[in-house]
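Here is how the chains run, residue by residue.
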Amino acid sequence: MERYPLSKIGLITVLLLTIAAPSVLAQPQPSPPCGATYGSSADAVAIEDALYLGTVQQAIDAIRDGMETRGNRVGCRSDAWPYAIPDTTLPTLPALENLWNNVHAPGIAAYDDTLAILGREMPAAALGGYYAQLAGYAVSTNALQAIADRTEASQYSEKYAPAPLVTFPGVFGLSTELADDTSPSYRPGNVADTINVGCAVLGCPTYDSGPGAGIDYLVRDFSVIPRVFDGGLAYDHAWSSALMVEATLQETNPTKSAIYATSAALAADWSATEPAVRNHNYTAKNIWVLSQQYGLTGDATIKAALQDKLDRSLKPGVLMDANSDGLVDGMTNQAFSGLTQVAQMPGRMWDGHNSNMWYQSMNTWAAVEAYVAFRDQGDTALAADIRPYAIAMLDNLSWELTNLGPPGPAGEHLWPIPYSLLTGLWKIAEYEGETRSNWEDAAATLYNWGMFDSFSETGGRATASLGLYLLYMNGTPYVPLDQRLAGVPGPGDFDGDGDVDGFDFLKWQRGETSSPLSEQDLSDWEENFGTLNSGATAATAVPEPSTLLLLVLGFFVQLFRMRGRDSLGNC
């Protein structure tokens, strides 16, 4: 089948829409900035209430009411910026490797483990580090583990915070050090403002264990009384959760891997309980968390929460044309040809906030990850339902970048944009054997704009995207998460053969585990002896070994422990 250039598709679409709805074209087309971000103020409140308290249909209806209020301003962003000139020249793999080896890998290696963790920063960088490692490139494994450990220690649960917990556990809390202008961790602007306001209104509990002991953390952003419908915690929470998933799969220490797996599962539980909010990109971050956990485990409860958030928040917010009549689905006779330039192709978010390119990209990769999770888990109907959204959103984002250019000048909020394109290229286009040159050109535009040129002093930024770029460009095949998890040795399985037996004890005895001759590795072996490991998160019992074998192995364990104590006493 012939593949038409994107510019030709756009021309055909505009011609068809001109014929289909000439009366709408008589209206002046809007251009940014456009007001009425979520419709009227009454619409905004109604959407908020319906998303939390209403049915899925009531949420859809509330969003559609807001769309009608915006009229031909749907898809028009609430602010304006100058575009840079697009350059779609594709980068070479050696150029990407040079950036990794000389800029980003050293940036990760220089991690300062005394600073508070913010998900969009060093956890995002570490996620890129794990991607690059998966692609075969060098990175400091000590730094990756230190970042993962510090991230896990920021998670709100009885493991680190005193009981009773003030809200649902699982979120990666934001340390008040980030809002302290006397701290080296200080992050002025939205981060500090969110923490200060949140702590004043909702309270911030003090952790009593781990690296964050004695520090207050913001661990919630939602409340009925007082009325708080924010969702901002989900932004950093999702980056941290994605790091936990990848650390689970790549950590060579089975004990550490199991800790990260537990953390990722708890994070998904929090994302399932966190209400959807009218700012779609916040809910999209929870969709990302749930998609990864469902792809990893196939958990039915997580699947149900994922479906609910897709149906009540993300899908109703995307401007689509399912029946190809040239009109916006769910609106009254609104032609795409009457919308602002970036919204004339289906796939744009409807409101003034999420139609900004960087928020559009966040919603886009949520749709991509949801499709990938359903596809990988064999949910054919659900995958077919969400796939058109993911493809349309990627096409729309690509059109803006390759036709209008990057939204210059470069700023803090722009670095996530390539993540959605590269996720789509690696997990959809390459995996499914498709050619998506428009996505490639869009990613190249951001590369040539200088998006990947530096490692930010505050961490993540483009490092996560560069890791994905390396995976795609060097041909590393995407492997579904559950298949990768099946190959992760469980605690005590030091030889990686899927069970915990005497051969694993011999590996420990010879100092051939990730922490040679450590008490923790020995305890892991004892606790899991006689089990078959199924990934990092579960173990299934097998018939018990003979009593004689247990006695013999127990004798050697005690002997080695006694020798260890004697050696310590003689130092």
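Keep in mind that this is a model prediction, so the values were computed, not measured.

*Asks:* Lay out the state of the cysteines in plain terms, naming residues and giving numbers.
*Replies:* Summed over all chains, the structure comprises 2 disulfides. Across the disulfide, Cys199 is cross-linked to Cys204 (sulfur-sulfur distance 1.8 Å). Looking along the S-S bond of the Cys199-Cys204 disulfide, the torsion reads about -90°, which is the left-handed sense. Each disulfide of the protein joins two cysteines, and with those cysteines numbered along the sequence the arrangement is 1-2, 3-4.

*Asks:* Can you break down a nonpolar patch on the surface residue by residue, with the values?
*Replies:* Taken together, the side chains of Tyr52, Leu53, Val224 and Ile225 define a hydrophobic patch exposed on the protein surface, amounting to about 450 Å² of accessible area. Mapped onto the fold, Val224 is located in the loop between β3 (222–223) and β4 (228–229). For Val224, a relative accessible area of 47% gives the class partly exposed.

*Asks:* Please set out helix α3 (residues 41–53) residue by residue, giving values where relevant.
*Replies:* When the terminal C-alpha atoms of α3 are compared, their 18 Å separation across 13 residues agrees well with the 18 Å that a helix rising 1.5 Å per residue should span. Turning to α3, its buried residues are Asp43, Ala44, Ile47, Glu48, Ala50 and Leu51. Where α3 is buried, its residues touch α4 (56–70), β4 and α12 (300–314).

*Asks:* Explain the nonpolar core residue by residue, including any values.
*Replies:* Within soluble globular proteins, side chains that are nonpolar generally end up buried alongside one another. Counting residues in hydrophobic clusters, the biggest one holds 106 residues, and the most contacted among them are Trp100, Ile108, Trp239, Tyr419, Phe452 and Tyr469. Broken down by element, the residue count for this core peaks at 13 residues, all from helix α13 (residues 357–376). Grouped together as the second largest cluster of nonpolar side chains are 22 residues, Tyr156, Cys204, Leu233 and Ala234 included.

What counts and how
- Residues numbered from 1 in each chain as written.
- Predicted model: local features only at pLDDT ≥ 70, side-chain atom pairs only at ≥ 80, totals over all residues.
- Heavy atoms only, no water.
- Disulfide = S-S within 2.5 Å.
- Patch = residues over 30% accessible without salt bridge, like charges linked within 9 Å, V, L, I, M, F, W, Y side chains within 5 Å.
- Areas by Shrake-Rupley, 256 points an atom, 1.4 Å probe, with all protein chains shown as cover.
- Salt bridge = Lys/Arg side-chain N within 4 Å of Asp/Glu carboxyl O.
- Helix = DSSP H or I, 4+ residues; strand = E, 2+ residues; numbered from the N terminus.
- Buried < 20%, exposed > 50% of the residue type's maximum accessible area, 1.4 Å probe, protein only.
- Expected span 1.5 Å × (residues − 1).
- Contact = heavy atoms within 4.5 Å.
- Core = buried A, V, L, I, M, F, W, Y, C linked by side-chain atoms within 4.5 Å.

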